[in-house]
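Structural characterization, general
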Amino acid sequence: MRCPELACLALIVCLAGCERETRHFTADVPGPAYPGPRAQTGTVAGRAENPYARNAYAVNEGKRLFRWYNCNGCHAEGGGGMGVPLMDAEWRYGDRPVDVFTSIHDGRPDGMPAFGGRVTDDQIWRLAAYVRAIEGRVASATAPNRDDSLQEAKPETRRAGQ
Amino acid sequence: MITLESSLICTCVRAPLRARRAWPAALLLLHALAASAVDAEWPMASGDYANTRYSTLADIDTSNVGTLAEAFAFDTGVERGQEAAPIVVGGTLYLLTAWPNVLYALDLTRPGAAVKWKFEPHPAPRAQGEACCDVVTRGIAYADGTVFMVTLDGQAIAVDAATGAERWRTPLADVAHGETVTMAPLVVKDRMLVGNSGGEMGVRGWLTALDTHTGAVAWRAYSTGPDRDVLINHSRYAPFYPTDRGTDLGVATWPPEAWKRGGGGAWGFVSYDPALDLLYYGTANPGPWNPEQRAGDNKWTSGVFARRPGDGTAAWFYQWSPHDRHDYDGINEMMLLDLDWQGARREVLVHPDRNGYVYVLDRKNGEVLAADPFVTVNTSTGVDLKTGRLQYDPGKDPRAGLTIRNVCPAAPGAKDWQPSAYSPRTGLLYLPHQHLCHDAQTYTTSYIAGTPFLGVTAQMNGMAGTSRGAFTAWDPLARRARWTLPEVFPVWSGALATAGDLVFYGTLDGWFKAVDARSGKPLWQQQTGSGIIGQPMAYRGPDGREYVAIMSGVGGWAGAVSSGCLDRRDGTAALGFVGAMKDLPMPEVKTGVLHVYALP
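Residue positions are given per chain, counted from 1 along the sequence in the order it is written. As they are written, the chains are lettered A onward and the ligands numbered 1 onward, keeping that order. The predicted nature of this model means local features are confined to residues of pLDDT at least 70 and side-chain atom pairs, given and counted, to a pLDDT of 80 or more, with totals for whole chains, interfaces and linings taken over all residues. Note that water and hydrogens are dropped before the side-chain values are worked out from all heavy atoms of the structure.

A separate point is the overall build of chain A. Think of it this way: any DSSP run of H or I at least four residues long counts as a helix, any run of E at least two long counts as a strand, and we number them from the N terminus. When you go through chain A residue by residue, the secondary structure sums to 5 helices and 0 strands. Ordering the α and β elements of chain A from the N terminus gives α-α-α-α-α. Only protein chains enter the area calculation, which uses a 1.4 Å probe; residues under 20% of their type maximum are buried, those over 50% are exposed, and those in between are partly exposed. Buried residues in chain A amount to 47% of all 162 residues. Any two residues having at least one pair of non-hydrogen atoms within 4.5 Å are treated as being in contact. Once local pairs closer than 6 in sequence are excluded, the contacts in chain A between residues at least 24 apart make up 66%. A total of about 8500 Å² of accessible surface is found on chain A, and carbon and sulfur atoms cover 58% of it. Here, Shrake-Rupley sampling with a 1.4 Å probe gives the accessible areas, and only protein chains in the shown set may cover a residue.

The structure is reproduced here in structure tokens:
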């Protein structure tokens, strides 16, 4: 009777494995560079760099907050929808950490709501760090890895530009 | 003989003298049938109150459609999805673009249809970020020398049809809470009817009636909440099924307070039966999408209301998808037909729903006479005609933490907003639709005003073994499809049926097509250069000739991948629609061009 039990166990393990998302072993080819206007100058809260840019825990926290605050409802996993895509190279309002912070904090006129005052600045920096990871612009050692849940796009560790 | 007959008929055409001079006399001899004031015009997006989208014009028919050629084109310069139907009244064509909702009047009496006037309402730019599925509008309505329109940010506006001057403007929607308006208003007597969008943003759905003379709100009927808000007066409310009877079901069928952000918008087409004096319209999906956060039937979402236009009170209600699990809005068009149903003449309402069934209801009382699947459906097993209740398959119910795969039809349903047509000559419905399935995972979501209230990650795919798009002729009496034309992409345009036994529709890869209404045989097609998601219509020009018009301009939920420049590497983009649209031609040309066709 042991053999059927083992077979049964193996089957369960296999089926459980089926529920994981697809593994991606190669990074995406980077998209074409956006030729439009570059970021405006200036800083927010006196910071030019994101304090969490190399902090894996904070970037992963940013990913959790990205769903928590319904960012994913508009921007999906980076491909966009109601909101602009975040995984491509086009940054309408600039791609520096401070620009991303400002977009989240103050909102943007074509539909991005302002989260400043509703969300702490510290959480916005974590979100801004994750937004850069969506495009694949943080080190793969820092970026979130494959989700356990439905994830259609490649995991952040396997995106372009690292 | 033909020439003589035509000449005689020509004298009956009530065209302005100036217009007749503008065209060669030879063209005036082409009339095949006497023109009437009715068939010359197309005063509302759906063509008529019954929502049949049937034109009595027959100059263009199965024998000559092959020679159809472009008569003129008009570029609006707005490069977002163009879902609107042009309308034609009194020798003028009126056209509303997607955001920023520019209204044009084109003078059809002048060669090339010169612009008569242009009206720019300047809607709030932020509305673009609150509209779930591209920044579309579905059209306008004409009545008593006035064009009625609604901007994306929900301002109902009356514009003088002769001059383009604004008569009044009434803001209806709260953009900060995710409300937008995309539907085409309907005018019934002195009421302008407008419903809201925003089921993905946790809005509370409503249909509002405004006084056409002043713009004052006459009544507003909510789709959730207590009876006094839903305009249910129990002495005058008589639904057919017991499950729709009871006090304050719009509160009792929700967890506490959940009805306040429960969705149920009214963004589809409104129908009207003048004899019964009843309006018919569908309500959208409940919010949030995650059904585990809203136990109960979630009335009055994903259903159909019959209401009296005078005071808005409900006559009856029926729910297509109680406690909707899969984003099956119930807003698809209601075609009001009189059919010989099983030996008796019945006044019915025919409705192809997102949940995959073509419903035939008695439109006097809401009794379901038939509900038959027109695609492969695995989310339900049928509709119980005794109770009227959809029988869900619990195996496809979303459950927190589980990825439910191969949910068919997918969130946009077997057929989304794209309106069908009905030809009384063939007795067939013409359904533009799609074969899509989705994988979805739900999670608990929080309500944050002005942000999506979903609780789901989904991605769509084509249904195995069939094409993603389809154009189906459905026989409502035989309760089966007569023929289906496969299309590569979901057919996101409306349909038009004509007395020339032709049916017109457009495709997301830019083709505008005419097929034989009886056999489905493709007879003519023209490439417009951008995806078509508009509504074809036909009119008789001031020169007496039949014209067929369509807006071209890729977008909408299905075409958002192109119009919104979304990233195709993420199949969950555009609420998962990108998963099924990754091969939409790229670069797809973004335009907003009106194309008008006539016989040479």
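Moving on from the coordinates now.
On to the state of the cysteines. By definition, a disulfide links two cysteine residues through a covalent bond between their sulfur atoms. All names here are of chain B. In plain terms, two cysteine sulfur atoms within 2.5 Å form what is called a disulfide here. Going through the model one piece at a time under the given rule, you end up with 2 disulfides over all chains. The disulfide bridge from Cys 132 ends at Cys 133, spanning 2.1 Å between sulfur atoms. Disulfide Cys 132-Cys 133: the torsion about the S-S bond is -100°, which places it as left-handed. Note that Cys 408 is cross-linked by a disulfide to Cys 437, the S-S spacing being 2.1 Å. Looking along the S-S bond of the Cys 408-Cys 437 disulfide, the torsion reads about 105°, which is the right-handed sense.

Turning to the environment of Lys 116 of chain B, a few remarks are in order. All names here are of chain B. Checked against the element boundaries, Lys 116 lands in strand 6 (residues 114–119). Owing to a relative accessible area of 38%, Lys 116 belongs among the partly exposed residues under this scheme. Taking the C-alpha atoms as reference points, Lys 116 and Tyr 104, separated by 12 residues in sequence, lie 7.7 Å from one another. Residues in contact with Lys 116, not counting those within four places in the same chain, are Thr 92, Ala 105, Leu 106, Asp 107 and Ala 162.

It is worth spelling out the side chain of Thr 137 of chain B at this point. Residues and elements named next belong to chain B. Looking at the element boundaries, Thr 137 is found in the loop between strand 6 and strand 7 (141–143). Taking the relative accessible area as the measure of exposure, Thr 137 reaches 2% and is therefore buried. Polar contacts involving the side chain of Thr 137 include one to the main-chain amide nitrogen of Gly 139, which spans 3.4 Å. Not counting residues up to four positions away in its chain, the partners in contact with Thr 137 are Glu 83, Ala 84, Leu 96, Thr 97, Ala 98, Asn 101, Val 150, Thr 182 and Met 183. The term polar contact refers here to a pair of N or O atoms within 3.5 Å; inside protein, the definition further demands a hydrogen-donor-capable atom paired with an acceptor-capable atom, and it admits residues adjacent in sequence only when both atoms are side-chain atoms.

It is worth spelling out the sheet that holds strand 17 (residues 303–307) of chain B at this point. Residue and element names in this part refer to chain B. In this description, strands pair whenever DSSP reports at least two bridges between them. Taken in spatial order, the 4 strands make up an open sheet running 15-16-17-18, and their pairing is antiparallel. In this open sheet, the two strands that pair with only one neighbour each are strand 15 (271–273) and strand 18 (314–319). With strand direction ignored, the average angle separating the axes of adjacent strands in the sheet is 15°. Here 5 bridges tie strand 17 to strand 18, and the two strands are oriented antiparallel to one another. Bridging across to strand 18, Arg 307 finds its partner in Ala 314. Note on definitions: angles span 0 to 180 degrees between N-to-C directions of axes, and those axes are lines fitted to C-alpha atoms, for helices only across the stretch in contact.

Residues and elements named next belong to chain B. The antiparallel open sheet is built from 4 strands, whose spatial order is 3-4-5-6. Looking at the sheet topology across the chains shown, the edges are occupied by strand 3 (87–89) and strand 6. Neighbour-to-neighbour, the strand axes of this sheet turn through a mean angle of 25°, independent of strand direction. Bridge analysis of strand 5 (residues 103–107) against strand 6 gives 5 bridges, and the strand direction is antiparallel.

To describe two helices that pack against each other, one gives the angle between their axes and the distance between the axes. All names here are of chain A. Two elements in contact, helix 4 (residues 97–106) and helix 5 (residues 121–135), have axes separated by 9 Å at closest approach and are oriented at 120°. Relative to helix 5, the element helix 4 is oriented oblique. The handedness of the crossing between helix 4 and helix 5 is right-handed. Note on element contacts: helix 5 touches helix 4 through Asp 121, Ile 124, Trp 125, Leu 127, Ala 128, Val 131 and Arg 132, opposite Pro 97, Val 98, Val 100, Phe 101, Ile 104 and His 105. Classes in brief: Ala, Val, Leu, Ile, Met, Phe, Trp, Tyr, Cys and Pro nonpolar; Asp, Glu, Lys and Arg charged; the others, Gly included, polar. Class assignment of the residues belonging to the contact of helix 4 with helix 5 gives a composition of 10 nonpolar, 1 polar and 2 charged. Throughout this description, any angle smaller than 35 degrees is read as roughly parallel, any larger than 145 degrees as roughly antiparallel, any in the 65 to 115 degree range as roughly perpendicular, and the remainder as oblique. Each crossing gets its hand from how the near helix is turned against the far one by less than a right angle, where anticlockwise is left-handed and clockwise is right-handed.

Time to look at the interface of chain A and chain B. Counting residues at the interface gives 34 residues for chain A, matched by 38 residues for chain B. By buried area we mean the combined loss of accessible area, with a 1.4 Å probe, across both parts when two parts are placed together. Counting the surface lost from both chain A and chain B, the interface buries some 2700 Å², and carbon and sulfur atoms represent 51% of this. When a carboxyl oxygen of Asp or Glu is within 4 Å of a side-chain nitrogen of Lys or Arg, the pair counts as a salt bridge. Run the count over chain A and chain B and you get 0 salt bridges. Our count for the chain A to chain B interface comes out at 16 residue pairs in polar contact (both at pLDDT 80 or more). Within the residue set of the side of chain A that touches chain B, elements represented by two or more residues are helix 2 (56–68) and helix 3 (71–75) of chain A. In terms of residue class, the side of chain A that touches chain B is made up of 14 nonpolar, 11 polar and 9 charged.

Take the confidence of the model for chain A next. A residue's pLDDT is simply how confident the predictor is in it, with values from 0 to 100. When pLDDT is averaged along chain A, the result is 81; 73% of the residues meet or exceed 70. For the stretch residues 30–45 of chain A, pLDDT sits under 50, and the model shows 25 contacts to residues farther than four places along the chain or on other chains.

This part takes up unusual backbone geometry. Residue and element names in this part refer to chain B. Here Trp 99 and Pro 100 are connected by a cis peptide whose omega angle stands at 15°. Along the chain, Pro 100 turns up in the loop between strand 4 (92–96) and strand 5. Cis rather than trans, the peptide bond between Lys 299 and Trp 300 has omega equal to 10°. Tracing the backbone through its elements, the reader meets Trp 300 in the loop between strand 16 (278–282) and strand 17. Positioned with a positive phi, His 122 is a non-glycine residue whose angle comes to about 55°. Residue position: His 122 is located in the loop between strand 6 and strand 7. For His 122, a relative accessible area of 62% translates into the label exposed. Positive phi outside glycine occurs at His 323, with the angle close to 45°. In this structure, His 323 sits in the loop between strand 18 and strand 19 (335–341).

Next up on the list: the packing of helix 2 of chain A against helix 5 of chain A. Residue and element names in this part refer to chain A. Look at helix 2 against helix 5: their axes get within 7 Å of each other, and the N-to-C directions meet at 95°. As summarised for this structure, helix 2 and helix 5 are arranged roughly perpendicular, according to the angle between their axes. Along its contact with helix 2, which presents Tyr 57, Ala 58, Val 59, Glu 61, Gly 62, Lys 63, Leu 65 and Phe 66, the element helix 5 presents Gln 123, Arg 126, Leu 127, Ala 129, Tyr 130, Ala 133 and Ile 134. The residue inventory of the contact of helix 2 with helix 5, partitioned by class, reads 10 nonpolar, 2 polar and 3 charged.

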